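# Results of the structural survey
What follows is the residue order along each chain.
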Amino acid sequence: MSQSIPSTYRGVYSRWFYVPAAIVFTIFFLIPTAISFFFAFTRWTLFDWDWIGFENFKQFFREPALVNGLRNTVIYAFVTSSLKVVLGFLLAVLLTTKIKTRGLLRSIVFFPALVSTVAIGVTFGVLLHPSNGLLNTTLDLVGIDGPAWLTDTRIALLSVAIVDVWKGVGIATLIYIAGIVSIPKEYTEAVLVDGGGTYHKLRYVVIPLARPATFTVILLSFVGGLRTFDLIWTMTGGGPGFTTDVLASTIYKQYQAGFYGLATAGNVVLFLLVILLAYPMQRYFIRKELQL
């Protein structure tokens, strides 16, 4: 005689359970997003607004500084996410081996992630000063003429990106460590039994089975790179000229100049850019994880 299934197992939660979260999500995300989209089509101040249609968006893509910021944003996100994936994986492999100072090294690697981004930006702005900075002063002692890290238009954006990687690689390493230690030991032992070495263990066990961690690091670091602002602003202010301006910093400058409608349109562009790049990436990663 079959027993009826308890109502507890028919659904995880009652529909009413989702109502508080839906209310909070609506108030703090959906409504502000809708308002932002509306004002992106207006020329507005704190006291009034005029509907101008797509003029803000047309002007956005006509402004060289804004287009440059859009391009720098994509470059910055690609560079930082790529370096965090590579360095995070290598550090995680090192920090999951049986070295005596493993705990200390993990703390050292993760420490920059705990420090305020503004504090890091100000600190490295001083350290990378072209004439009085500690780095170039040290290089001068060994006869090397250090570059103008933050004032040379050719390397300024890359210099900030490297600092971003230094700050964020600890998070990537932590995610990779969690992924690596979750791999069953039977797999690595089977490789050793078959005569494989460290290379074979990495190539055929660690890298494939740590793929979910890789997907997570790529997605988080890429979206973070697209949204970056504080490190750029504290280190270079978007300079020299507009060479290190990213989309968020150019939007901020438009707000400072009083072009609120144009700045709001820039926010909408940034919002859509994150969705258009991150959502397909997430769907692709989910499909790949299901194939594991």
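For the structure, check the block above.
Report on the accompanying structure.

Analysis parameters
- Residues numbered from 1 in each chain as written.
- Predicted model: local features only at pLDDT ≥ 70, side-chain atom pairs only at ≥ 80, totals over all residues.
- Heavy atoms only, no water.
- Core = buried A, V, L, I, M, F, W, Y, C linked by side-chain atoms within 4.5 Å.
- Buried < 20%, exposed > 50% of the residue type's maximum accessible area, 1.4 Å probe, protein only.
- Helix = DSSP H or I, 4+ residues; strand = E, 2+ residues; numbered from the N terminus.
- Contact = heavy atoms within 4.5 Å.
- Patch = residues over 30% accessible without salt bridge, like charges linked within 9 Å, V, L, I, M, F, W, Y side chains within 5 Å.
- Areas by Shrake-Rupley, 256 points an atom, 1.4 Å probe, with all protein chains shown as cover.
- Salt bridge = Lys/Arg side-chain N within 4 Å of Asp/Glu carboxyl O.
- 1 Å grid on protein atoms, 1.4 Å probe; cavity = no way out; pocket = protein on both sides within 12 Å on 5 of 7 lines; lining within 4 Å.
- Points joined across faces, edges and corners; volume = space filled by probe spheres on them.
- Nonpolar A, V, L, I, M, F, W, Y, C, P; charged D, E, K, R; others polar.
- Phe/Tyr/Trp six-rings, centres within 6.5 Å; stacked < 30°, edge-to-face > 60°.
- Axes fitted to C-alpha atoms, helices over the stretch in contact; angles between N-to-C directions.
- Parallel < 35°, antiparallel > 145°, perpendicular 65-115°, else oblique.
- Left-handed = near helix turned anticlockwise from the far one by under 90°.

### Here's the deal with the nonpolar core
By size, the foremost hydrophobic cluster in this structure holds 24 residues, and its most contacted members are Ala-40, Phe-57, Phe-60, Leu-226, Leu-247 and Val-274. Of all the elements, helix α13 (residues 260–290) adds the most residues to this core, at 11 residues. With near-sequence residues (within four places) excluded, Leu-247 lies in contact with Phe-60, Leu-66, Gly-69, Leu-70, Thr-73, Gly-266, Val-269 and Leu-270.

### A closer look at a nonpolar patch on the surface
A grouping of Trp-16, Val-19, Ile-23, Val-24, Ile-27, Phe-28, Ile-31 and Ile-35 is seen on the molecular surface, where their side chains present a nonpolar patch of about 830 Å² in accessible area. Note on placement: Ile-23 falls in helix α1 (residues 19–39). A relative accessible area of 46% places Ile-23 in the partly exposed class.

### Topic: the layout of surface pockets
Think of a ball as big as a water molecule: rolled over the atoms, this probe shows where empty space is left. In this structure, the largest pocket encloses a volume near 590 Å³. Along the wall of the largest pocket there are 17 residues; nearest its centre are Thr-96, Thr-97, Ile-180, Thr-188 and Lys-201. Every element with two or more residues in the lining of the largest pocket is listed here: α4 (102–110), α7 (156–181), α8 (185–193) and α9 (198–209). Each residue belonging to the lining of the largest pocket can be placed in one class, and the counts come to seven nonpolar, four polar and six charged.

### What about the packing of aromatic side chains?
The full count for this structure, using the stated rule, is 22 aromatic pairs. Ring geometry for Trp-233 against Tyr-252: centres 4.9 Å apart, planes inclined by 80 degrees, an arrangement best described as edge-to-face. Linking Trp-233 in helix α11 (residues 230–235) with Tyr-252 in helix α12 (residues 247–257), this pair joins segments that are 19 residues apart in sequence. Since its relative accessible area comes to 27%, Trp-233 is described here as partly exposed. Ring centres of Tyr-284 and Phe-285 lie 5.8 Å apart, and the angle between their planes is 55 degrees; this geometry places the pair in the tilted category. The class for Phe-285 is buried, based on a relative accessible area of 9%.

### Describing the packing of helix α5 (residues 117–127) against α7
Two elements in contact, α5 and α7, have axes separated by 11 Å at closest approach and are oriented at 135 degrees. Looking at the two axes, α5 sits oblique to α7. By crossing handedness, the relation of α5 to α7 is classed as right-handed. Contact residues: Thr-117, Ile-120 and Phe-124 in α5; Val-163, Trp-166 and Lys-167 in α7. Residue composition of the contact of α5 with α7, by class: four nonpolar, one polar and one charged.

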